[in-house]
Amino acid sequence: MPSTFTKYIGQFVLVLFIIGFVPALYFAQEFAKLEGQALALEEQKQRVKLDFSKRELVSSLNEAYKTFTTLTNNSLFHRAVSNPNEFNIEAVQDFWLLVARTLGGYSSLSFIDRTGQETIRVDYIRGMAVAITDTGLINRSQYDEFLTAQHLKSGQIVVVGGNQFHALTATSKQPVLHFVTPIDSNGERAGYLVAEVSLEYIYQQMLGTDDPSAGLPSLLNSRGDVLMTLDNHQNIEVFPTTNLALTMPELWQHIESSQQGTLFAKDQWFSFVTISQGQTLANVQPLILLESFDVQALQPLIRSSKNRLLWQMYAMFFVITLIALGCICWNRNHHKNSIESKLARAAMNGMSAVLITDKNNRIIKVNSEFTNQSGYSFDEVKGKQPSIFASGKHNQEFYLNMWKSLQEDGSWEGEVVNRHRDGHEITEILRIQTILDDDGIIQFYVASFVDISQRKELENLLRDQSEKDGLTGIWNRRKFDQEFSSECMRVKRYPEQEHSCLAIVDIDHFKRINDRFGHARGDEILRNVAVCLRTELRESDFISRIGGEEFAIIMPHTSLEEADKVLNRLRVAIFDQYKGELSISSGITDVTESTGDVYQRADLALYESKASGRNLVSVLTSTEMVHFA
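Description of the structure in this document. Everything numeric in this text was worked out from a predicted model, so none of it was measured.

Definitions and cut-offs
- Residues numbered from 1 in each chain as written.
- Predicted model: local features only at pLDDT ≥ 70, side-chain atom pairs only at ≥ 80, totals over all residues.
- Heavy atoms only, no water.
- Helix = DSSP H or I, 4+ residues; strand = E, 2+ residues; numbered from the N terminus.
- Buried < 20%, exposed > 50% of the residue type's maximum accessible area, 1.4 Å probe, protein only.
- Contact = heavy atoms within 4.5 Å.
- Pairing = 2+ DSSP bridges.
- Axes fitted to C-alpha atoms, helices over the stretch in contact; angles between N-to-C directions.
- Parallel < 35°, antiparallel > 145°, perpendicular 65-115°, else oblique.
- Left-handed = near helix turned anticlockwise from the far one by under 90°.
- Core = buried A, V, L, I, M, F, W, Y, C linked by side-chain atoms within 4.5 Å.

1. Structural notes on the side chain of Thr621
For step 1, the next point in the chain: Along the chain, the position of Thr621 falls in the loop between strand 22 (617-619) and helix 20 (622-628).
For step 2, the next point in the chain: Given a relative accessible area of 17%, Thr621 falls into the buried group.
For step 3, the next point in the chain: Contacts of Thr621, omitting those with residues within four sequence positions, involve Leu560, Thr589, Asp590 and Arg601.

2. A look at the sheet that holds strand 18 (residues 501-507)
For step 1, the next point in the chain: Spatial ordering of the open sheet is given by 19-20-18-21-22, a layout of 5 strands whose pairing is mixed. The sheet is open, and its two edges are formed by strand 19 (542-547) and strand 22, each paired on a single side. Each strand of the sheet is rotated relative to its neighbour by a mean of 20 degrees, with strand direction disregarded.
For step 2, the next point in the chain: In the sheet, strand 19 pairs with strand 20 (residues 550-555) via 5 bridges, with the strands oriented antiparallel. Bridge pairing in strand 20 links Ser544 to Ala552.
For step 3, the next point in the chain: Lying over the sheet, helix 15 (residues 477-493) contacts strand 18, strand 19 and strand 20, oriented at roughly 130 degrees with respect to strand 19.

3. As for the packing of helix 3 (residues 75-82) against helix 4 (residues 86-103)
The angle between the axes and the distance between the axes are what describe a pair of packed helices.
For step 1, the next point in the chain: With their axes 8 Å apart at the nearest point, helix 3 and helix 4 run at an angle of 150 degrees to one another. The pairing of helix 3 with helix 4 is recorded here as roughly antiparallel in orientation. Crossing angle aside, the handedness with which helix 3 passes helix 4 is left-handed. Between helix 3 and helix 4, the contacting residues are Leu76, Phe77, Arg79 and Ala80 on the first element and Asn88, Ile89, Ala91, Val92, Phe95 and Trp96 on the second.

4. Regarding the nonpolar core
For step 1, the next point in the chain: Counting residues in hydrophobic clusters, the biggest one holds 42 residues, and the most contacted among them are Leu57, Phe77, Trp96, Tyr106, Phe179 and Leu219.
For step 2, the next point in the chain: Discounting residues that sit within four places of it in the chain, Trp96 has contacts with Leu71, Phe77, Leu109, Ser110, Phe111, Ile120, Val122 and Leu193.
For step 3, the next point in the chain: Residues Val529, Cys532, Leu533 and Ile584 belong to the second largest nonpolar core, which totals 30 residues.

Below is the structure:
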């Protein structure tokens, strides 16, 4: 007996060595490569992040260029240039104020005459757009953008960008890009249109599109000045006085010699990418995106990889040990359970609720989790069909498709709403699989349930919060875009049957209210106006706050005449509620298939109400827009 035992032990050790030799070499090599792999993964992660930020930055700059081209060709602006009376200048100021509020990226829009004197200017500071009066207009004849503009031809656009400095005082300003183009009137040079685009705003937009927890790389200009970066609390900071060429000359030399790369300096790894002139606007100096991470940042990744390898190694050698034991004990093991029976027991005693029916769909088996989840014991459901759990939320077509899938594919998986024994509804993920005999005929159905009721409730709550305006409690801009797009699609699909209208409502002189009474009073008025609009509108109408003091109303199955009556009723109700101290202006248009065209017409109609004295409702139809264009 001892000799037999020794023989089995020797065989076990030999088999274990033969099977485990190659895996042991493999794991030894993998442990030796952990640090290099961690560095390569981190470098790849940083490059992906830099490439993403680069695309966002280039996209933002090109979008600003397109918008500036549109401003250059604006008819209101050219009318004010050729005939600079008070009415025309105010019209341009109103339009620029609207552009500044809508786009957010323009910190200043101004028109400079041939001597460098500003004649029209709108500033956008800390979320507020302000038209500058005569006393605030300055002479920019010695500014870089004006000096550069002297050499431009008609229609040419130049971008004076990066970290700008005043030509006389040499004082540093916030990092901006100046879009400049000459403006001619009656064949003569009238002046220059200058748009100041905030690099801080563009950086903020990049932060909004990326994962805020991951941060964004620092932004540098071609001289090595750090224009933008994030502090430890993910807030944007401006460092125009920090120069990488002076603080880290070796790193800066490497950046100047390569378009992108990774370098170790001062106990940190740095990854960078350069945005050259050929990749964005031709007149913008190159910009650099720089990301850093220290050596300690690799340790969690190394530990994670090491732990993963250890678990793999333990699992591998555990499997090898089992195989070795299986080989030695093969002829002695006659009572081992089949794999099929083990799987069946694991399935029945797992975390999912399991229900088994026969070929006639009668319940023959359930597990304990089914009882916990549904409230029914096996004795209560034995011999019955699963339809006793139906909640009535699904129509007959739903169940027909389920049975069709079971017959054709042998399985079905989806989300269902069933009813608990006490009557409340349960949302579940249901998977049904058929069991066939040797002739391919269905003998059993095995269904497993996973209760996701709490997750669905949380999803619905989060969806509702993401689509409601936090101040007024009505729908927000995101929900409006979805509903507006759907309404335009319905009109496009049924142009003869569907008649809908869009109205944009704006509170008149809302800035004066904030300036005079404070933002708390302004917020109260916004809430009261929202309540009034919800009270006066019909149940079928959709109302949302789309920004600032602007509201949008979608009125399905409504003609322009009906919409005009509804909006005038709203206007009068608000005017009476505030005893003439507050009023609203509105623009209405009919809904067609293009969301952009419809919104533009409603906005133009609103502008008409504003320009005509406010407290008015204006209508601009799609037919009129064709003649207007």
